[in-house]
Amino acid sequence: MVVEKNAPLQPCNTFGIAARAQTLVRVQSIADVLAVLAHPELAVAPKFVLGGGSNIILTGDVKPVVLKMEIKGLRLVDDNPKAWIVEAGAGEVWHDCVAWTLAQGYPGLENLALIPGTVGASPVQNIGAYGVELQNRFDSLDAIDLATGLPFTLDAAQCGFGYRDSVFKHAPADIRNAEGLPRGMGLAGRAVITHVRFRLPKPWKPVLGYLDLERRRVEAGIERPSAQQIFDWVCDIRRTKLPDPAVVGNAGSFFKNPTVSPDQCADIIAREPRIVHYPMPDGSIKLAAGWLIDACGWKGKSIGKAGVYEKQALVLVNRGQGANSVTGGEVMTLAKAIQTSVYERFGIRLEPEPVVV
């Protein structure tokens, strides 16, 4: 167990916000988690689990003990007529995991290429892109209860997946089963994920319903693209639309795409005929948050060192760097100004995706 005091967190968050952790523990194995929970001081302290830092906004120094997840490992755990089951350590870089599965001949995650962050964070956020969500490829996960030190496993139903949502994003209800394991539908701050398993269906079928991918397929003149071709297209599209966090600090899509009823959508279309919208399987209509923000004139604008990306209004960026980096306060001031503008014009409340710490 590696413990660091007054550890800098600027390299640990993709927005590049300068902050420090009073105590940071580099978790490289399950034994490290158990060592923290057996430690007389660390065990009783509040905990904050940190993966790739791609979905957080730091508004100050972090007082809880930061558990920096660095558990590695990629392996095939089952190969049956219906699916490949692949397991990854929570500290694996998500994109590297996707690339590895394809290289090994296990397709299915290609639409989720180049999403920043770690494997352990993927079920927390129920990440999704280009027609696929994690829940469509999820098998199960292993975690440890931070209150008791007991390990447990959750399947998809127990994870309570929703749009950019899961049981790990909700406050815990202190309900336990006969074995003393958590039974309430809320594990935020209560558990740490150590391993995730993915179910990659056989036979593999390409998911091409997303407009940008269909356009690439037509341009290439390919009737049935391979998983590797889809992976390459997704990477190219994302690099064209989104800034590289290594160059321009950001946390990816900052706001969730809001959903409205058909009647609400019809009312907005009557006023804004060009609004980008998508019908959902449950009958609701998803609106493009980036379009709403752009329509309010925010693309390319800044408040302090926090700005709206010139190529994609859904992305907020760091216009500072190093010691002169943006602050979490500047980011949230900009975010709230955008929320106010969108609500005043469209009557819609945008909800941020990143966790504000």
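Refer to the structure printed above.
These numbers were taken from a predicted model, which means no experiment stands behind them. (Residues numbered from 1 in each chain as written. Predicted model: local features only at pLDDT ≥ 70, side-chain atom pairs only at ≥ 80, totals over all residues. Heavy atoms only, no water.)

Participant: Could you clarify how one ought to interpret the overall build of the protein in this entry?
Facilitator: The secondary structure content of the protein amounts to nine helices and 20 strands. On C-alpha atoms alone, the protein measures out to a radius of gyration of 21 Å, which is about the 21 Å that the 2.2 N^0.38 rule sets for 357 residues. Relative to its 357 residues, the protein shows a buried fraction of 49%. Summed over all atoms, the accessible surface of the protein reaches about 16200 Å², with 53% contributed by carbon and sulfur. (Helix = DSSP H or I, 4+ residues; strand = E, 2+ residues; numbered from the N terminus. Rg over C-alpha atoms; globule rule 2.2 N^0.38 Å. Buried < 20%, exposed > 50% of the residue type's maximum accessible area, 1.4 Å probe, protein only. Areas by Shrake-Rupley, 256 points an atom, 1.4 Å probe, with all protein chains shown as cover.)

Participant: Can you help me understand the nonpolar core in this one?
Facilitator: Side chains of a nonpolar character, in soluble globular proteins, are inclined to be buried together. Counting residues in each nonpolar core, the largest one holds 45 residues, and the members touching the most others are Phe255, Leu287, Leu292, Ile293, Leu316, Val331 and Ile338. At the level of secondary structure, the elements contributing two or more residues to this core comprise β2 (20-27), β3 (47-50), β4 (56-57), α7 (262-271), β16 (285-287), α8 (289-295), β18 (306-308) and α9 (328-346). By residue number, the principal contributor to this core is α9, which donates seven residues. When sequence neighbours within four positions are dropped, the list of residues in contact with Phe255 reads Ala289, Ile293, Leu314, Ala335, Ile338, Gln339, Leu350, Glu351, Pro352 and Glu353. (Core = buried A, V, L, I, M, F, W, Y, C linked by side-chain atoms within 4.5 Å. Contact = heavy atoms within 4.5 Å.)

Participant: What's the story with the packing of helix α5 (residues 211-220) against helix α6 (residues 227-241) in this structure? I'm lost.
Facilitator: How two helices sit against one another is set out by the angle between their axes and by the gap between those axes. Interhelical geometry of α5 versus α6 gives an angle of 120° and a closest axis separation of 10 Å. Compared by their axis directions, α5 and α6 come out oblique. Relative to α6, the crossing made by α5 is right-handed. Two secondary-structure elements touch here, α5 through Asp212, Leu213, Arg216, Arg217 and Ala220 and α6 through Ile230, Trp233, Val234, Asp236, Ile237 and Lys241. Tallied by class, the residues present in the contact of α5 with α6 amount to six nonpolar, no polar and five charged. (Axes fitted to C-alpha atoms, helices over the stretch in contact; angles between N-to-C directions. Parallel < 35°, antiparallel > 145°, perpendicular 65-115°, else oblique. Left-handed = near helix turned anticlockwise from the far one by under 90°. Nonpolar A, V, L, I, M, F, W, Y, C, P; charged D, E, K, R; others polar.)

Participant: Even after reading the chapter, I still don't get the pattern of salt bridges, so can you show me in this structure?
Facilitator: Close approach of charged atoms lets side chains of opposite charge pair. Here the structure, examined in full by the defined rule, presents 20 salt bridges. Taking the shortest distance from any N to any O, the salt bridge between Glu223 and Arg217 comes out at 3.9 Å. Given a relative accessible area of 67%, Glu223 falls into the exposed group. As a salt-bridge pair, Asp294 and Lys299 come within 3.3 Å of each other at their nearest N and O atoms. Residues joined in a network through salt bridges with shared partners are Arg75, Glu87, Asp142 and Arg197. (Salt bridge = Lys/Arg side-chain N within 4 Å of Asp/Glu carboxyl O.)

Participant: Sorry if this is basic, but what is going on with helix α2 (residues 94-103) here?
Facilitator: Each full turn of the α-helix corresponds to 3.6 residues, which orients residues three or four apart in the same direction. Trp94, His95, Cys97, Val98, Thr101 and Leu102 are the residues of α2 that are buried. What you see down the axis of α2 is that its buried residues fit within an arc of 160°, all on one side. Its buried side turned inward, α2 meets β6 (74-79), β7 (83-89), α3 (122-125), β12 (191-201) and α6. Count one or two residues on from α2 and you reach Gly105, which has phi positive near 90°. (Arc of directions from axis to C-beta.)

Participant: How should I be thinking about the sheet that holds strand β17 (residues 302-303) in this particular structure?
Facilitator: The strands making up a sheet associate through hydrogen bonds between their backbones, and the pairing can be parallel or antiparallel. Strand order in the open sheet formed by four strands is β13-β19-β18-β17, and the pairing between neighbours is antiparallel. Looking at which strands have only one partner, the edges of the open sheet turn out to be β13 (250-253) and β17. Lying on the sheet, α9 is in contact with β17, β18 and β19 (315-318); it crosses β18 at an angle near 40°. (Pairing = 2+ DSSP bridges.)

Participant: Any chance you could explain the side chain of Asn126 here in plain terms?
Facilitator: With respect to the helices, strands and loops of the structure, Asn126 is situated in the loop between α3 and β8 (128-129). Residue classification places Asn126 among the buried positions, given a relative accessible area of 0%. A distance of 3.5 Å separates a polar atom in the side chain of Asn126 from the backbone nitrogen of Leu134. Apart from residues no more than four positions distant in its own chain, Asn126 is found in contact with Glu133, Leu134, Gln135, Phe161, Gly162, Arg164 and Asp165. (Polar contact = N/O pair within 3.5 Å; in protein donor to acceptor, adjacent residues only side chain to side chain.)

Participant: Quick question: what am I supposed to make of α6 here?
Facilitator: With 15 residues, α6 should cover 21 Å at 1.5 Å per step; its first-to-last C-alpha distance of 21 Å lies within 8% of that length. By the burial criterion, the buried members of α6 are Ala227, Ile230, Phe231, Trp233, Val234, Cys235, Ile237 and Arg238. (Expected span 1.5 Å × (residues − 1).)

By themselves, these figures tell us nothing about what the structure is for.
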